[in-house]
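One letter stands for each residue in the lines below.
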Amino acid sequence: MKKLISILAIVALVLSVGTAMSQTTQGNYLVGGASALSFSSNKVTPEYDGEKGDDSKSSSFDFSPQVGYFVMDNLAVGLDLAYSSTTDKGDVDVTSTTTVVGVFGRYYLAGEKFRPFAQAELGYAANSIKMDETYKFSGLVYSAEVGAAYFLTESISLDLSLAYSAGSLTNSDDSKYKTKMSIFGFNAGLSFAF
């Protein structure tokens, strides 16, 4: 009887591991994103013809949905969209909106309910800054992210991560005017793997 209970326990364990890991297997889809729970500390340094200007710091609201496909077990690649809106109040009110369209790759490490992951992204950004006038910038950006997914169910996970993003955007009216960005932040969101 003890042998039968031991064998059943081992079979149950093997089946539960297979079920817990099935959400990140080849052929499944990943849909997710960060929301209002995403906060970041931004540092922006303007540059004109090689001369650096004053840094500015602010906080922002970010929303970043993404859709991916598992090309192999634990590796999803796909498309993402990021939207950020920042308002600085001071002597002059400044509103900045940024939209990024890009590609990403996310790799999950082995685990059951708790799955560490690493993600890399490359995208094209369009930025609009409104002060007394409106300035438009665009260029390539990249980011790296490390975090963990906690699977609440077989296919829904709570994702917590630290991310670093950087890029250099060029003004649409004057190519000597560039904005270099570096952003370090904490992200929280939900992902659905099916």
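Residues numbered from 1 in each chain as written. Predicted model: local features only at pLDDT ≥ 70, side-chain atom pairs only at ≥ 80, totals over all residues. Heavy atoms only, no water.

Asks: Lay out the overall build of the protein with the relevant residues and their values.
Replies: A tally of regular secondary structure across the protein gives 1 helix and 11 strands. The order of helices and strands in the protein, counted from the N terminus, is α-β-β-β-β-β-β-β-β-β-β-β. Across the 194 residues that make up the protein, the buried fraction comes to 34%. When contacts within the protein are restricted to residue pairs at least 6 apart in sequence, long-range pairs at least 24 apart make up 59% of them. (Helix = DSSP H or I, 4+ residues; strand = E, 2+ residues; numbered from the N terminus. Buried < 20%, exposed > 50% of the residue type's maximum accessible area, 1.4 Å probe, protein only. Contact = heavy atoms within 4.5 Å.)

Asks: Outline the environment of Val-101, listing residues and values.
Replies: Note that Val-101 resides in strand β7 (residues 94-108). With 20 residues separating them in the primary sequence, Val-101 and Leu-81 have C-alpha atoms 4.7 Å apart. Setting aside residues up to four positions removed in sequence, Val-101 forms contacts with Asp-80, Leu-81, Gly-123 and Tyr-124.

Asks: How would you sum up the nonpolar core? Please name residues and give values.
Replies: Leu-30, Phe-70, Ala-76, Phe-104, Tyr-108, Phe-117, Ala-149, Phe-151 and Ala-193 together form the largest nonpolar core, which totals 9 residues. At the level of secondary structure, the elements contributing two or more residues to this core comprise β7 and β9 (134-151). One finds Val-94, Val-141, Leu-169 and Met-181 within the second-largest nonpolar core, a separate group that totals 8 residues. (Core = buried A, V, L, I, M, F, W, Y, C linked by side-chain atoms within 4.5 Å.)

Asks: Help me get a handle on the pattern of salt bridges, residues and values and all.
Replies: The final tally for this structure, using the stated rule, is 2 salt bridges. The closest approach of N and O atoms between Glu-47 and Lys-180, which form a salt bridge, is 3.2 Å. With Glu-47 in strand β2 (residues 39-48) and Lys-180 in strand β11 (residues 177-193), this pair connects stretches of sequence that are 133 residues apart. For Glu-47, a relative accessible area of 13% puts it in the buried group. Its salt-bridge partner being Asp-159, residue Arg-106 comes within 3.2 Å of it at the nearest N-O pair. Of this pair, Arg-106 sits in strand β7 while Asp-159 sits in strand β10 (residues 156-171); the two residues are 53 residues apart in sequence, bridging distant segments of the chain. Like Asp-159, Arg-106 is buried. (Salt bridge = Lys/Arg side-chain N within 4 Å of Asp/Glu carboxyl O.)

Asks: Explain the side chain of Asn-127 to me, and be specific about the residues and the numbers.
Replies: Looking at the secondary structure, you find Asn-127 in strand β8 (residues 114-130). Look at Asn-127 and you get buried, because its relative accessible area is 7%. In terms of polar contacts, Asn-127 uses its side chain to reach the side chain of Ser-96, at 3.0 Å. Other than its neighbours up to four places away in sequence, Asn-127 contacts Ser-96, Thr-97, Thr-98, Tyr-135, Lys-136, Phe-137 and Leu-169. (Polar contact = N/O pair within 3.5 Å; in protein donor to acceptor, adjacent residues only side chain to side chain.)

Asks: Explain unusual backbone geometry to me, and be specific about the residues and the numbers.
Replies: At Asp-49, a position not held by glycine, the phi torsion is positive, near 50 degrees. The backbone of Asn-74 shows a phi angle near 75 degrees, a positive value even though the residue is not glycine. Within the secondary structure, Asn-74 sits in the loop between β5 (61-72) and β6 (75-88). The exposure class assigned to Asn-74 is buried, which follows from its relative accessible area of 13%.

Asks: Tell me about the confidence of the model for the protein, residues and numbers included.
Replies: Segments scoring low in pLDDT should not have their predicted coordinates read at a detailed level. In the predicted model, the protein carries a mean pLDDT of 81, and 77% of its residues have values of at least 70. Within the model, the stretch residues 1-21 combines pLDDT values under 50 with 7 contacts to residues more than four positions away or in other chains. (pLDDT = per-residue confidence, 0-100.)

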